[in-house]
Structure formats: C-alpha cells, structure tokens
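What the coordinates show
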Amino acid sequence: MSSANGIDSILRRHANAGRESLIPILQEVQERQGYLSREAVVEIGRHLGLPASKIYGVATFYNQFRFQPRGRHHFMVCRGTACHVKGSGKALEMLTRMLKLKPGQTSRDGMFSLEVVACMGACGLAPVVNLNGEFHAKVTPRRLAAIIAECRRMEEAEHVQA
Amino acid sequence: MMSDVVRIEVDGREVEARPGETILEVLRREAVHVPTLCHLEGLPPSGACRMCIVELEGAPTLVPSCSYPVVAGMKIRSRSPKVLAARRMIVELLLSSHPDDCLYCGRSGRCDLQALARDLGVRQRRSQPRGTRRERDVSSPSIVRDPDKCVLCGKCVRVCEEVQGVAAIDFVGRGARTEVGCAFESGLNVSSCVNCGQCILACPTGALTERSYVDEVLEALADPDKVVVVQHAPAVSVTLAEEFGLPPGQDVDGRMVAALRRVGFDRVFDTSFTADLTIMEEGSELAHRIRTGGVLPMLTSCSPGWIKFVEQFYPDFIPNVSTCKSPQQMMGAIVKRFWALREQVRPQDVVSVSIMPCTAKKFECGREEMGCDHVPDVDYVLTTRELGELLRMHGLDLWRLEPEAADTPFGERTSAGKLFGASGGVMEAAVRTAHWMLTGRELEELEIGPLRGLAGCKELHARIDGLEIGAAVVSGLGNARRLLDQVRGGRKDLHFIEVMTCPGGCVAGGGQPIGTDPATVAARMKALYTIDRDAPVRVSHRNASVKRLYDEFLGEPLGEISHRLLHTHYHRRDVLK
Ligand code: SF4
Ligand code: SF4
Ligand code: SF4
Ligand code: FES
C-alpha cells in the first residue's frame, strides 16, 4: 500500500522533519493524490510522530485541504469578492441542496463533489462556477439545474454503453 | 528561603508570593476566588478562556492570572467593577451561542458555565443561538459529545493528549464552525478513544457526558420475569456521598447496599469479592509465569481503558497482559454461570448490572470476549454519577437508611479487594497474597507505603523467600506509555506492573462525581486506607467465600472452569490513531 499511494517519496524528502513540515507535506500529498486520505494522514502522523486527530485538526483549519477524492463531476464555487457581490452565495446554497453535499464532500457514488475556492481570477464572469476545469459564467439557479441534469445524463449514457 | 519571597498587593491586602508563581496560584492559596474555564491544575496554562482576568495596576489591559507571573510589588485587583463586568461579558458571549438547555441537561447543577452565569449576574440573553443544532456524537458506548454545549476551553483535548497520551480528539475546523472532534470527524467509537472519561471530568459543561443506561436498568427492574443482580465496585462506596453534597472521603457502603435494595435489585454483590478472586487467579498466573519462564513483566488487566490502549498502541505487549478478566467481568460470569444455576434461573433471565467509577466499563461489558453463548456476563454499567441520579429519582436519602450487609455469597470481601479502588491497591493486595503463597507466612507489615498515594509512578523492589521481585504501579496512560517505552528499551528489573487508566486509580475514575481534584482524590483514597486499617480480614486468600467458590465450583486457580469463565485473550485493534 505504502509505495502504491506514492507518498513514500514525499516523506523521504522530508526525512527527520518536525512539526513545522506538516503543512508543506500535506500540500505535496494533496497535490499528488488530489486529497488527503485516511491512510495518508496516518502515515504522515507516523512519520512526524503526530496523532491523526492533530493532523486533521490542523488540516481543517485551512480551506485548501480536502479529505475525499474528487467526484467525476467536480464543482468549484468562487467565493471571491466579485462573485460574492454577484450572488455566489445563492449558487453555493443551490448546489449544496441539489447535490446534497457540503463543501469539501464527495457523493457516496463518487459522481459529484463540491468545493469552495477563493478567487479564480475570472471576476468578469461573476458569479462563476467551475466544473471539471470548465468555467460557467454568470450562473443562475436555472443554469445550475441544467448543468447538473446534463452531468446525470452523461453518466446514464455511459452506463447504457457499459 | 526568606529572600525567595516577594510581596504583592491583592485587593489592598499585602500577601507573600514566590517568584515564578502565577498570579492565580497566589490568589488560590490566599483563598481569593478566581473563576477559570480553561485552567488545568498541573498542566501549563493555555490562556484560552480569559475568565481568570484580574486588574493589574499599570497594565493597559486586564491580565489573565493563570498565565501571568508574579512580580515583586505588583498591585492586583481581583474583583473590581471592571473585572466583574469583563467576566460577565465573557460569559454572555459564550452563552450567545449556547442552547438554553439547563432544564434538560445532565450537567445542570454541576456545570461551571451555569454557575458562572448565575454568580456573575447574567439575567438575560443577549442574542439568539443559531437555529440549527449540531449533531451529537452518540456512537460510543461510554461517552456522549454534544458540540452545542462546548465552550472550546480545550481541556478535554489536553487531558486526552497530555495526561492520557491518547489524543483521540482535537479542535477541528476554524472560526464559528470549530468543534472538538476526532480525525475525519469519525465517531468516538471508531477512534483511538479508550473510553476513560477523563475528558468528562475536565469538561466545565455538559458537552461531554457518560452514555446513560439508567432507563434500561429501570426497565429491567420493572420486568417481573427478570432477576436483577447488582454489583458495586470498590471505589464507589467512598465517593457516592459526594453525589449528595457531602465532602469527599466518606464511606457509605452499608447505606448504599440498603438503597440498592430499596430501588429493587434482587441481589447486591460486591465487586471487591471478585477482586479477591482476581488476586487468587492473577497471583497464580504470575507465579506460573515466573516458574515456567513465561512472558514478563506481567501487566494487570482490570482497567478496560488500559486494555484498549495496549491493543491499539502497544500490541507487542498483549502477551504480557494477564489473561484474567476484570473483577467486574468475573462477577458477571460467576453470577450467570454458577449462581444462576444454583438459584435455578436461566442465565438469560438474569440482568446483571454493575455500578462502576468508570465509563470504560460500559465499553468492556459489550466486548465480544466478555460473555458466553451470546449472553453477556454483564448487561448494563452505571457510573457512580448515574447511581446518584437513580437514587435521587427514587427519593432515597442515604442518611435516613440504616446500613445493610451485602448478599451472600458474593458480598463477602476482604479489605485487600477493596484496595483495588486506589492506584497501587491491586499490587498491594497481590504482594500480601504472593508473600503467603511463596512463604506460607503472612506479611508482617501489611501496609506497603511505597505503593500508596497519588504519585503517577510507584515502584517496589522486594525480596520474598529469596526471590527478587520488581513491581511498578502506574496510573494515567501517559505514565503507562513512559514505563512501557522503558521496558521496550530493555528494562529488565520488573516482574509485575499494575496499570490503572485514570490518574490515581478508580477513585478518580471517569464515572466519579464531578469535582475530582487532587485533594478530593486524596480524601477518597484515604477512606479506602481507613477501611483497610480497620478490617478484620485484610488478605484475599482468607476470603472464606472465595475459598468456598473454589471448593464447590471452580476447583483451583487457573483450573479448567476458571480458564473458561474468568480468563480471556486480547487482540491487536486497528483504529485511526
Ligand atoms: S452545559 Fe451547563 S449551561 Fe449548558 S445547558 Fe448544560 S447545564 Fe446549562
Ligand atoms: S474518554 Fe479518554 S480517551 Fe476518550 S476522548 Fe475522553 S480523554 Fe480521550
Ligand atoms: S468539550 Fe468540554 S472540555 Fe472539551 S473544549 Fe468543549 S467545553 Fe471544553
Ligand atoms: S483560566 Fe486563565 S485563560 Fe482560561
């Protein structure tokens, strides 16, 4: 398991590291794996001599870490000032309700995940939602509903083919 | 020495202080009341709550007394209008996100937050709490966590990590959403929590409480088809009085027995009886290990928090752990497998309840190993606090009841069994009996000073009949950790180690009355030592009922029946840690 999940090399680079290396290690692991798995947290804990609860506590203090792999359809909602003013709060509320997910979560079937991010640098398009790397500008509840419906249609189509 | 004393002024009065002390330490010594929420005696200050602020002349702001060192000549005002107003403000802020739940809260009447609100004159709500309630964690058989009642003082987190060396919980999240929780917000049941309940004792509010089984017990008592048997642990009779507002250190054994009968229990047995039995079994096991070159040092197995701790953190020491079940589980087993048959009741018609100083016992009785044919040895565990509740519910006033004796045959105990309630007690009882087993003579001086008292680590090196015996006693799992690391590191002089999960032993168990400070624990211990001093029979091997149990049923220590009913094995446990 340890070599397969590929964090060995990261930990090796931080040999003899202390607590101060926790954040950089978490960042590197998330970059490699897309999220912080339980196994990764436990292994990092063993490496640094820190309990899992402590690492999780530190990691949840920062917005940047997620603890579930991304879904096949990964929504990022911008909470930058421009988007906020233009109603990104509404968009987030809408997505939370429709996907039945809180920010940072992934649906059980792995279809959807939701994340809140700081400004994505697309303020002209506010409020903006990013789906798997693609920007959707000036989203409205109706647009979001359509986007989600489209995701579901795609999944079904793949299902039929498979 | 005199030159080491500085003078400071407190509320216009001159008092002496030692350099390096905190203001709080001086004020407490001078009997000046200073409220605190996050302060933990014996641990470094965290400065999280600011409840302990005082006015310091010349300082621009109020200073937290728990972390502020004394300086010669400083002038302090501990309860000026400014101080009182600031403290009240802090409480009002805490209450602004706190539910108005006192009427329904298990901690009401013993809650620091409630007392502060009352004492500081908070008489109205400043703002409404958020409408949505956070989910309680009810996953654990021992501990319930209600984040809505948490004031984020951090005491539970520090006790769990710094005293118990477990670190099952920490602050999770940030800002208004911060709460205390386990890694990955998992339930306590799948975390590394060992169910010790020390966090409950530390918590100033009702955010952490025991999982109550009072309703289940009431239901069993009301069921005409059930025979309900109760046992009470050695440490309960010397703490129960505190539940009724009496000072610590009173033994109410006989009155408690009378009260339990009034509540409706069909038989009242004493866990100290099976503590004596444990000494016979565990003593024989130790002798066997020494004689046959078995795994040493042997580690005691009566404390279920410690057992889970070993399974999780030190699985390499599982072969060292005594195979004896704990006294609670031994009682459960002989009640259902021997007494029930003799009374001609089916084991499944017996409801076995135990009154324990411990929250981990609730976990222990549900362990798979602790039963026979899917019938658990013990059905429900109530803490001392829950017993207090049960008795109050029945309107029973301990002081108006005449003391009664426990039932035969498992109500008879020696004071050696009773000593199990204090850290060092198992060892003391074991040494008394080991001496007799090895030499055929009683120990001349039964009281073994080095094994007594509050210290977290105690050791005894003795020569019994030419045999050099090394014994260690630790309480508090942080201390256990340090000792096990020494043994891992090659320490070889120890044969027998007693480990109690809670610092001080069961008298300071996580199920004991709230208000477990060192002075209280010392008073409770002293009550046990007094019982021992005055007892007619002070060694486990002279418990006549234990002898009869061997003659009529068990055969001999470590015999076939003992093996089946009184012993078990533990396994490595994988948890998020
Ligand atoms: S925790 Fe204290 S203040 Fe809060 S509801 Fe319970 S008793 Fe009242
Ligand atoms: S019960 Fe003990 S181990 Fe569990 S969280 Fe509380 S202090 Fe930690
Ligand atoms: S649960 Fe209790 S002890 Fe822990 S932080 Fe909250 S109020 Fe403090
Ligand atoms: S008791 Fe001093 S800051 Fe909490």
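Remember, it's a predicted structure, so these values are computed and weren't measured experimentally.

A few words now on the overall build of chain A. Secondary structure summary: chain A contains 7 helices and 4 strands in total. Its helices and strands taken in sequence order, chain A reads α-α-α-α-β-α-α-β-β-β-α from the N to the C terminus. Dimensions of chain A, computed from the C-alpha atoms along their principal axes, are close to 55 × 45 × 25 Å. The 162 residues of chain A split such that 46% are buried.

Within chain B one finds 18 helices and 19 strands. The C-alpha radius of gyration computed for chain B amounts to 25 Å, which stays within 12% of the reference 25 Å derived for 577 residues, consistent with globular compactness. Each principal axis of the C-alpha atoms in chain B carries an extent, and together these give about 75 × 60 × 50 Å. Once local pairs closer than 6 in sequence are excluded, the contacts in chain B between residues at least 24 apart make up 74%. Accessible area of chain B: about 23900 Å², with a carbon and sulfur share of 51%. Of the charged side chains in chain B, 71 are positive and 77 negative, and the gap between their average positions amounts to 4 Å.

At the junction of the two partners, chain A supplies 15 residues and chain B supplies 15 residues. Summed over both sides, the interface of chain A with chain B buries roughly 1400 Å², with 59% coming from carbon and sulfur. By the criterion of area lost to chain B, the three top residues of chain A are Arg38(A), Ser53(A) and Tyr56(A), representing 42% of everything that side buries. At the junction of chain A with chain B, the criterion picks out 2 salt bridges. Lys54(A) is paired through a salt bridge with Glu161(B); the nearest N and O atoms lie 2.6 Å apart. Remark: the boundary between chain A and chain B carries 6 residue pairs in polar contact (both at pLDDT 80 or more). Here the side of chain A that touches chain B gets 7 residues from one element, more than from any other, and that element is helix H4 (residues 52–61) of chain A. In terms of residue class, the side of chain A that touches chain B is built from 8 nonpolar, 5 polar and 2 charged.

A word on the site of ligand 3. Inspection of the region around ligand 3 gives Cys150(B), Val151(B), Leu152(B), Cys153(B), Gly154(B), Cys156(B), Val180(B), Cys203(B), Pro204(B), Thr205(B), Ala207(B) and Leu208(B) as its neighbouring residues. By residue class, the composition of the shell around ligand 3 is 10 nonpolar, 2 polar and no charged.

The next subject is the site of ligand 2. In the vicinity of ligand 2, the residues found are Ile143(B), Cys160(B), Val166(B), Ile169(B), Cys193(B), Val194(B), Asn195(B), Cys196(B), Gly197(B) and Cys199(B). When the residues that make up the shell around ligand 2 are grouped by side-chain class, the tally is 8 nonpolar, 2 polar and no charged.

All right, on to the packing of helix H8 (residues 271–292) of chain B against helix H17 (residues 544–554) of chain B then. Residue and element names in this part refer to chain B. Axis separation between H8 and H17 bottoms out at 10 Å; the angle between their running directions is 65°. Considered as vectors, H8 and H17 are oriented roughly perpendicular to each other. H17 is crossed by H8, and the crossing has right-handed handedness. For the pair H8 and H17, contact is made by Phe-273, Asp-276, Leu-277, Met-280 and Glu-281 and by Ser-545, Val-546, Leu-549, Tyr-550 and Leu-554, respectively.

Time to look at the pairing of strand S2 (residues 13–17) of chain B. Residues and elements named next belong to chain B. Alignment of strand S1 (residues 6–10) against S2, held across 5 bridges, turns out to be antiparallel. Within S2, the residue paired with Arg-7 across the bridge is Glu-16. Between S1 and S2, which pair antiparallel in sequence order, lie 2 residues; one of them, Asp-11, sits at a positive phi of approximately 50°.

Along the chain, Ala126(A) connects to Pro127(A) via a cis peptide bond; the corresponding omega equals -10°. Among the secondary structure elements, Pro127(A) is positioned in the loop between strand S2 (112–117) and strand S3 (129–131). Here the residue pair Thr408(B) and Pro409(B) is connected by a cis peptide bond, since its omega of 0° sits within 30 degrees of zero. With respect to the helices and strands, Pro409(B) occurs in the loop between helix H12 (384–393) and helix H13 (415–418). Residues other than glycine seldom take positive phi values, yet Glu185(B) does so here, at roughly 50°. Mapped onto the fold, Glu185(B) is located in the loop between strand S8 (179–181) and helix H5 (198–202). Phi is positive for Asn195(B), close to 70°, though the residue is something other than glycine. Along the chain, the position of Asn195(B) falls in the loop between S8 and H5.

All names here are of chain B. Looking at chain B, the domain boundaries give domain 1 (2–79), domain 2 (92–210) and domain 3 (215–576). Here the C-alpha centre of domain 3 lies 30 Å away from the C-alpha centre of domain 2. Taken together, the 24 residues of domain 2 in the interface contact 30 residues of domain 3. Buried surface at the junction of domain 2 and domain 3, summed over both partners, amounts to about 2000 Å²; 56% is from carbon and sulfur atoms. The largest contributions to the domain 2 side of the interface with domain 3 come from Arg-110, Leu-201 and Glu-210, which together make up 27% of the buried area. The tally of links between domain 2 and domain 3 comes to 2 salt bridges. Arg-110 serves as the salt-bridge partner of Glu-243, at 3.5 Å between the closest nitrogen and oxygen. Our count for the contact surface shared by domain 2 and domain 3 stands at 15 residue pairs in polar contact (both at pLDDT 80 or more). If one sorts the elements of the side of domain 2 that touches domain 3 by residue count, H5 sits on top with 3 residues.

Moving on: the confidence of the model for chain B. With 99% of its residues at a pLDDT of 70 or more, chain B shows a mean pLDDT of 95. Among the scores for the predicted complex, ipTM is 0.86 and pTM is 0.91.

Our focus in this paragraph is a nonpolar patch on the surface. A cluster of nonpolar side chains, contributed by Met437(B), Leu438(B) and Leu467(B), occupies part of the molecular surface with about 220 Å² of accessible area. As for its placement among the helices and strands, Met437(B) is situated in helix H14 (residues 425–439).

Right, let's talk about the nonpolar core for a bit. All names here are of chain B. In this structure, Val-166, Trp-306, Phe-309, Leu-477 and Ile-497 are the most contacted members of the largest nonpolar core, which totals 40 residues. Of all the secondary structure elements, the ones that give two or more residues to this core are helix H4 (155–163), H5, helix H9 (304–313), strand S18 (467–475), helix H15 (477–488) and strand S19 (496–500). Dropping the residues within four chain positions of it, Phe-309 is found in contact with Gln-164, Gly-165, Val-166, Val-194, Tyr-314, Leu-477 and Arg-481.

Let us now look at the sheet that holds strand S1 (residues 73–78) of chain A. Residue and element names in this part refer to chain A. With respect to topology, 4 strands assemble into an open sheet ordered S2-S1-S3-S4, the strand pairing being mixed. Each having just a single partner strand, S2 and strand S4 (134–136) make up the two edges of the open sheet. Here the strands of the sheet are splayed against their neighbours by 25° on average, with no regard to which way each runs. Where S3 meets S4, 3 bridges bridge the pair, whose relative direction is antiparallel. Bridged to Leu-131 within S4 is Glu-134. On top of the sheet, helix H6 (residues 88–99) reaches S1, S2 and S3; it is set at about 155° to S1, its chief contact. Sitting on the sheet, helix H7 (residues 141–161) touches S1, S2, S3 and S4, and the angle it makes with S1 is about 165°.

About the criteria used
Residues numbered from 1 in each chain as written. Chains lettered and ligands numbered in written order. Predicted model: local features only at pLDDT ≥ 70, side-chain atom pairs only at ≥ 80, totals over all residues. Heavy atoms only, no water. Helix = DSSP H or I, 4+ residues; strand = E, 2+ residues; numbered from the N terminus. Buried < 20%, exposed > 50% of the residue type's maximum accessible area, 1.4 Å probe, protein only. Rg over C-alpha atoms; globule rule 2.2 N^0.38 Å. Contact = heavy atoms within 4.5 Å. Areas by Shrake-Rupley, 256 points an atom, 1.4 Å probe, with all protein chains shown as cover. Lys, Arg positive; Asp, Glu negative; His and termini not counted. Charge placed at Lys NZ, Arg CZ, Asp CG, Glu CD. Buried area = accessible area lost by both parts, 1.4 Å probe. Salt bridge = Lys/Arg side-chain N within 4 Å of Asp/Glu carboxyl O. Polar contact = N/O pair within 3.5 Å; in protein donor to acceptor, adjacent residues only side chain to side chain. Nonpolar A, V, L, I, M, F, W, Y, C, P; charged D, E, K, R; others polar. Near = heavy atom within 4 Å. Axes fitted to C-alpha atoms, helices over the stretch in contact; angles between N-to-C directions. Parallel < 35°, antiparallel > 145°, perpendicular 65-115°, else oblique. Left-handed = near helix turned anticlockwise from the far one by under 90°. Pairing = 2+ DSSP bridges. Domains from an automatic or database assignment. pLDDT = per-residue confidence, 0-100. Patch = residues over 30% accessible without salt bridge, like charges linked within 9 Å, V, L, I, M, F, W, Y side chains within 5 Å. Core = buried A, V, L, I, M, F, W, Y, C linked by side-chain atoms within 4.5 Å.

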